[in-house]
Amino acid sequence: MKANSKYMASFISLVAVGLLAASASQAATKPASIFTFNASVTDDVFSVKSKGWRDPAFGDMGWTHSSDWGTVQVKKGQTVTIKMAAVDAGIHPGITVWYRGPSDTAPNDYVVDHFYPQNANFAKFGAVDDTTGDALGNIIMKYVVHGYDLDGNTKKVKSMNPIKDGVSGELEVSFTASRPGTYMFVVGGFNPDAGIDSSLRYDVNVNLTVTAP
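Read on for an overview of the structure. (Residues numbered from 1 in each chain as written. Predicted model: local features only at pLDDT ≥ 70, side-chain atom pairs only at ≥ 80, totals over all residues. Heavy atoms only, no water.)

Let us look at the pattern of salt bridges. Pairing between side chains of opposite charge can happen when their charged atoms approach one another. Using the criterion set out here, one finds five salt bridges in the structure. Close ionic contact of aspartate 151 with lysine 164 constitutes a salt bridge, the shortest N to O distance being 3.4 Å. Here the residue aspartate 151 occupies a position in the loop between strand 10 (135-149) and strand 11 (162-163), and lysine 164 occupies one in the loop between strand 11 and strand 12 (170-176), the gap between them amounting to 13 residues. Residue classification places lysine 164 among the exposed positions, given a relative accessible area of 58%. (Salt bridge = Lys/Arg side-chain N within 4 Å of Asp/Glu carboxyl O. Helix = DSSP H or I, 4+ residues; strand = E, 2+ residues; numbered from the N terminus. Buried < 20%, exposed > 50% of the residue type's maximum accessible area, 1.4 Å probe, protein only.)

Another aspect to go through is the packing of aromatic side chains. For the coordinates displayed, the defined rule picks out 15 aromatic pairs. Pairing tyrosine 148 with phenylalanine 190 gives two aromatic rings, centres 4.8 Å apart and planes at 85 degrees, and the pair type is edge-to-face. Of this pair, tyrosine 148 sits in strand 10 while phenylalanine 190 sits in the loop between strand 13 (181-189) and strand 14 (201-211), and the two are 42 residues apart along the sequence. Note on tyrosine 148: relative accessible area 0%, which makes it buried. Ring geometry for phenylalanine 175 and tyrosine 183: centres 5.1 Å apart, planes at 35 degrees, overall tilted. Taking relative accessible area as the criterion, phenylalanine 175 reaches 8% and is therefore assigned buried. (Phe/Tyr/Trp six-rings, centres within 6.5 Å; stacked < 30°, edge-to-face > 60°.)

Here strand 12 shows one buried face, formed by Leu171, Val173 and Phe175, and one open face, formed by Glu170, Glu172, Ser174 and Thr176. Bridging between strand 6 (residues 79-86) and strand 12 involves seven bridges; their strand directions are antiparallel. Following the sheet pairing, methionine 84 is matched in strand 12 by leucine 171. (Pairing = 2+ DSSP bridges.)

So, on to the sheet that holds strand 14. Within the open sheet, the four strands sit side by side as 3-14-6-12. Their pairing is antiparallel. Each of the sheet's edge strands pairs with one partner strand only, and the pair in question is strand 3 (43-49) and strand 12. On average, adjacent strands in this sheet sit at an angle of 25 degrees to one another, irrespective of strand direction. As defined by bridge partners, strand 3 adjoins strand 14 across seven bridges and the pair is classed as antiparallel. Residue aspartate 43 lies in a different strand from strand 14, and its bridge partner there is asparagine 207. (Axes fitted to C-alpha atoms, helices over the stretch in contact; angles between N-to-C directions.)

The next thing to look at is the environment of valine 74. Structurally, the position occupied by valine 74 is in strand 5 (residues 68-74). Residues valine 74 and proline 180 lie 106 residues apart in sequence; the distance between their C-alpha atoms is 5.7 Å. Apart from the residues within four sequence positions on either side, valine 74 is in contact with Val80, Ala177, Pro180, Gly181, Tyr183 and Val210. (Contact = heavy atoms within 4.5 Å.)

Here it is in structure tokens:
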């Protein structure tokens, strides 16, 4: 195969992958709340449904409005640590972090859709508000890290990065920022214990800290 043919084949493959990570429609949505963390504000109580991060009834996707959201601005090389602790026994938190950099031109209070993949990039080009139809720009959320609480959890899904720390209902993830800018994350529940009402929302204490290189 000639060099330019190889280049075109590679390009087409990348485009195909990009399309798989993009939402089918152009309408973007606003989560009910997106909490902003910084050096002075490190704690918040998130309100989530017990299957918000991954729901088998909806193709194992995460659901935007059944989860809760946060953002933080960091510099390149800083390390972000996010700790979660469910208030109620039987709730197992899951988390996904994305990077929204210069190519992401839409306001950061919008996300791609009413659902989200837990372990992939997610993009919407030429997004519009799902209620007004107003043009927003491009939403480009680049995957950083994900995982869920495995302690006491009856489901071990390797692709979802099960994490054990010895305490059911608690979860911790960390990452070092490869680029400066806005990092957005979502928290929801996955595979609650028997007896948990999946229609209700449950509190998860979230602590986020940023440390220098």
